[in-house]
Amino acid sequence: MGSGQQSVTGVTAVEDSNSYWSVRGTSDAFCHRGTPVKCGQTIRLTHVNTGRNLHSHYFASPLSSNQEVSAFGDEGEGDHLDEWTVQCGGSVWKREEAVRFLHKATEALLSVTGEQYGRPIHGQREVHAMSSPSQHSLWKAMEGIFMKPSESPAGSRDYSHPHTEF
């Protein structure tokens, strides 16, 4: 890999426990658990199993020579190259809606086009970033845990306890 950072790959199987990502706020913009993600909002995606953030930079990806996407940081702490802007059609990202993730620093879109690795991760697809939108840059949440906002007894939302993840 160009940068030597951890590879990010995609698989076609829906039931892959290594494919879970937590949607989190940025280092300077906390999010409250259960609050809908707004279209145009900048987020971090943290890999549940490793605690590393989805990251990109101006290195060439190993298979397609597009922009490399890697996993970076520890326990959800990384840097500004971990920030992605959610592109969607309405006012908020809906569970059933396909969205795009625009890398904030390089303005490239998170993509997967089908290039597959050989050994030791045979059959896994290269995830990279590309400058132009296409069907390869559309992403959909297929499963996971979707939090509803807390509500106080009076019915108004209680945002007094900040969380850095949704």
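Residues numbered from 1 in each chain as written. Predicted model: local features only at pLDDT ≥ 70, side-chain atom pairs only at ≥ 80, totals over all residues. Heavy atoms only, no water.

Visitor: Go over the side chain of Thr106, please, and point to the residues and values.
Guide: As for its placement among the helices and strands, Thr106 is situated in the loop between strand E8 (100-103) and strand E9 (109-116). Engagement of the side chain of Thr106 in a polar contact is seen with the side chain of His103, the distance being 2.8 Å. With sequence-adjacent residues up to four places away left out, Thr106 is seen in contact with Tyr58 and Gln67. (Helix = DSSP H or I, 4+ residues; strand = E, 2+ residues; numbered from the N terminus. Polar contact = N/O pair within 3.5 Å; in protein donor to acceptor, adjacent residues only side chain to side chain. Contact = heavy atoms within 4.5 Å.)

Visitor: Describe the nonpolar core, with residues and values.
Guide: Ile43, Leu54, Val69, Val86, Trp93, Phe101 and Leu110 are the most contacted members of the largest nonpolar core, which has 17 residues in total. Broken down by secondary-structure element, the contributors of at least two residues to this core are strand E4 (42-47), strand E6 (67-72), strand E7 (84-87) and strand E10 (125-130). Excluding its chain neighbours within four sequence positions, the residues that come into contact with Val86 are Val37, Lys38, Cys39, Gly40, Gln41, Ile43, Trp93, Val99, Arg100 and Phe101. (Core = buried A, V, L, I, M, F, W, Y, C linked by side-chain atoms within 4.5 Å. Buried < 20%, exposed > 50% of the residue type's maximum accessible area, 1.4 Å probe, protein only.)

Visitor: Mind laying out the pairing of strand E5 (residues 53-60), listing which residues take part and the relevant values?
Guide: Sheet analysis places E5 next to E6, joined by five bridges and oriented antiparallel. Of the residues in E6, the one forming a bridge with Asn53 is Phe72. The hairpin turn running from E5 into E6, its antiparallel successor, is six residues long, and Ser65 in that turn takes a positive phi close to 65 degrees. (Pairing = 2+ DSSP bridges.)

Visitor: So, the state of the cysteines: which residues are in play, and what are the values?
Guide: The final tally for this structure, using the stated rule, is one disulfide. Here Cys39 is linked by a disulfide to Cys88, with a sulfur-sulfur distance of 1.9 Å. Taking the sign of the S-S torsion, about -115 degrees here, the bridge from Cys39 to Cys88 comes out left-handed. Linking Cys39 in the loop between strand E3 (21-24) and E4 with Cys88 in the loop between E7 and E8, this pair joins segments that are 49 residues apart in sequence. (Disulfide = S-S within 2.5 Å.)

Visitor: Describe the packing of aromatic side chains, naming the residues involved and giving the relevant values.
Guide: Overall, the coordinates contain one aromatic pair when judged by the stated rule. With a centroid separation of 5.5 Å and 70 degrees between ring planes, the pair formed by Trp93 and Phe101 is classed as edge-to-face. A relative accessible area of 19% means that Trp93 is categorised as buried. (Phe/Tyr/Trp six-rings, centres within 6.5 Å; stacked < 30°, edge-to-face > 60°.)

Visitor: Explain the pairing of E4 residue by residue, including any values.
Guide: Within E4, six of the six residues are buried, which leaves the element mostly enclosed by the surrounding structure. Of the two faces of E4, both are covered, the one formed by Thr42, Arg44 and Thr46 as well as the one formed by Ile43, Leu45 and His47. Here four bridges tie E3 to E4, and the two strands are oriented antiparallel to one another. Counted as the bridge partner of Ser22 is Thr46 from E4. Examined bridge by bridge, E4 and E7 share two bridges and lie antiparallel to one another.

The quantities given are spatial measurements derived from coordinates; they are silent on function.
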